[in-house]
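Analysis of the macromolecular model
So you can see what is in the structure, the chains are spelled out below.
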Amino acid sequence: MSDYVLEFDDIWYSYPNRPPSLKGVSFAIERGKKVAVVGPNGAGKTTLLLMCNGTLVPEKGCVRVDGEEVVYDRAALRRVRSAVGLVFQNSDAQVFAPSVYADVAFGPANLRLPEEEVRARVADALFAVGLTGYERRPPHHLSGGERKRVAIAGILAMRPEILVADEPTASLDPATAVEIMDLLDELHEDGTTILLSTHDVELAYRWADEVILLGGGELLHQGTPAAVFTDRDLMRGARLTPPVLLDLYMELLRRGLVAGAVPPKGIPEMTQLIAGAAEGGVRSLGRVFLADTDGLTRERFAELCAECPGRRTGAMGTRAKRFCHDAGYLPDYTYGVVDKCLLSAMTGEDTLILTCGGMLDRVELRARVFAEESGVVVPVVRV
Ligand SMILES: Nc1ncnc2c1ncn2[C@@H]1O[C@H](COP(=O)(O)OP(=O)(O)OP(=O)(O)O)[C@@H](O)[C@H]1O
């Protein structure tokens, strides 16, 4: 099996009677990565994403999925589309059936799966996006955020290896945007490679393992978010501004107010850089307790809350948020949960994170990355 799940090799594309929208774009995406395609309006992001599952055919060059060159006959395209799921920017273009059930079932039914299997996949996909119970609702009566979830469920039901999403948070309110990103993170934890496009440099910096920077139809750079976003010439060339956190870091660095070769990944690292420069580091650390909501009973949850009444809590992921909702419990943090808990730990406070599945490992990984970059080892304790 190829290490690269998706490859573009010298891709050119022009819409009819238009100058080229993609000019010799080449890149490769490793299995299991979270990749953001970033670029200004008209850079070619949507065009590039539409190439990923064969919706657009390159004029020149080739696309490979799982090491195999994409060919554009019907049978081959069906295979490609079951491996690469594409969520369009405008969910209205994607969500068209008379009911949510019919919409989500459309893809798997097209794969000619047995009816039982289709039903099971629809149920799983709707559960994953938090829309169980919406089966009979007409999609055009749903909110924009709910329609986006239906569109994602339709793709999930195909069980793709790669999920490609065009501006998945555009036109969503901040809370819904966070929920959609949580959902993508959960899918990623389950092994899906994720490629999304955005002009939101803040989101790309926080979220992506790797950034593909596009400008004027050309690939300007592929690399880590820190490498791409600290390169002022690259950013200027792409008509983008760096994430606020990096901008602030570079200014503090220029003035000699902080020292550190590694740009801060998040607010905890930045806080530690400043705190370290001001007073020589953190004294007593709080702990982050971690509870798996998949195995948590209401009784045990009540015990955990009673153990430490003032302790702040955070819920990560759709299933954990549903657990809190069903338990009539309002967590203190519902977005940026791990970073907020790391910040609390730095002021000596304990916190409790409710989550499940692969997200448990993600919390530990984030604490490890923070420890490596800042030298502050916040204990994460599973309860
Ligand atoms: N259907 C189309 N017909 C003709 N030209 C198009 C079409 N779609 C896009 N283009 C052109 O191709 C270029 C790239 O557009 P594309 O939508 O891929 O960019 P983008 O980076 O996704 O932009 P945005 O951030 O504004 O969505 C632009 O110059 C655009 O005008």
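Residues numbered from 1 in each chain as written. Predicted model: local features only at pLDDT ≥ 70, side-chain atom pairs only at ≥ 80, totals over all residues.

Taken together, the residues surrounding the ligand are Tyr15, Arg18, Ser21, Gly39, Asn41, Gly42, Ala43, Gly44, Lys45, Thr46, Thr47 and His199. Considered class by class, the residues forming the shell around the ligand number two nonpolar, eight polar and two charged. (Near = placed C-beta within 6 Å. Nonpolar A, V, L, I, M, F, W, Y, C, P; charged D, E, K, R; others polar.)

This next bit is on unusual backbone geometry. We note that Asp66 has phi near 55 degrees; this positive angle belongs to a residue other than glycine. Inspection of the secondary structure puts Asp66 in the loop between β4 (60-65) and β5 (68-69). Given 17 C-beta atoms within 10 Å, Asp66 falls into the partly exposed group. The backbone of Arg159 sits at a positive phi, close to 50 degrees, despite the residue not being glycine. Following the sequence through the fold, Arg159 ends up in the loop between α5 (144-156) and β7 (162-166). (Helix = DSSP H or I, 4+ residues; strand = E, 2+ residues; numbered from the N terminus. Buried ≥ 20, exposed ≤ 12 C-beta atoms within 10 Å, placed from the backbone.)

Below, the discussion takes up the sheet that holds strand β11 (residues 288-292). Read from one edge to the other, the open sheet built from four strands follows the order β12-β13-β11-β14, with strand pairing classed as parallel. Of all the strands in the sheet, just β12 (312-315) and β14 (380-382) have a single pairing partner and so form its edges. When the angles between neighbouring strand axes are averaged without regard to direction, this sheet yields 25 degrees. Note that β11 and strand β13 (residues 351-355) share five bridges and pair parallel. Its bridge partner being in β13, Ala291 is matched across the sheet by Leu354. On top of the sheet, helix α13 (residues 318-326) reaches β12 and β13; it is set at about 110 degrees to β13, its chief contact. (Pairing = 2+ DSSP bridges. Axes fitted to C-alpha atoms, helices over the stretch in contact; angles between N-to-C directions. Contact = placed C-beta atoms within 7 Å.)

As summarised here, the arrangement of the four strands in space is β2-β1-β4-β5, forming an open sheet in which the pairing is antiparallel. Two strands in the sheet have a free side with no partner beyond their single neighbour: β2 (22-30) and β5. Where strand β1 (residues 4-13) lies against β4, five bridges are found, and the strand directions are antiparallel. Note on β4: the bridge partner recorded for Leu6 is Val65. Packed on one face of the sheet, helix α1 (residues 45-52) meets β1, β2 and β4 and runs near 125 degrees to β1.

A word on the nonpolar core. Judged by nonpolar contacts, the single largest core of 75 residues is most densely connected at Ala36, Val104, Ala125, Ala153, Val164 and Leu195. Here the element with the most residues in this core is α5; it accounts for six residues. Both domain 1 (4-237) and domain 2 (243-383) contribute no fewer than three residues apiece to this core. Within the second largest apolar cluster, 26 residues are counted, among which are Ala315, Ile353, Leu354 and Met359. (Core = buried A, V, L, I, M, F, W, Y, C linked by C-beta atoms within 7 Å. Domains from an automatic or database assignment.)

Turning to its location among the elements, His141 is positioned in the loop between α4 (115-128) and α5. On a C-alpha basis, the gap between His141 and Ser99 in space is 9.8 Å, while along the polypeptide they are 42 residues apart.

A separate point is the pairing of β1. Of the strand pairs in this sheet, β1 and β2 are connected by seven bridges, and their pairing is antiparallel. From the neighbouring strand, Phe8 faces β2, where its bridge partner is Phe27.

Relative to the 22 Å expected for 16 residues at 1.5 Å per residue, helix α6 (residues 174-189) spans 22 Å between its end C-alpha atoms, a close match to the ideal helical length. Taken as a whole, α6 has its buried residues at Glu179, Ile180, Asp182, Leu183, Leu184, Glu186, Leu187 and His188. Buried residues along α6 sit against β3 (34-38), α5, β7, β8 (193-198), α13 and α15 (359-374). (Expected span 1.5 Å × (residues − 1).)

Attention now goes to the domain arrangement of the chain. Here the chain is partitioned into domain 1 (4-237) and domain 2 (243-383). On a C-alpha basis, the centroid separation for the pair domain 1 and domain 2 is 29 Å. The interface is formed by 16 residues belonging to domain 1 together with 15 residues belonging to domain 2. Contributions of two or more residues to the side of domain 1 that touches domain 2 are made by α6, α7 (201-207) and α8 (225-229). Per-element accounting of the side of domain 1 that touches domain 2 gives the leading share, six residues, to α6.

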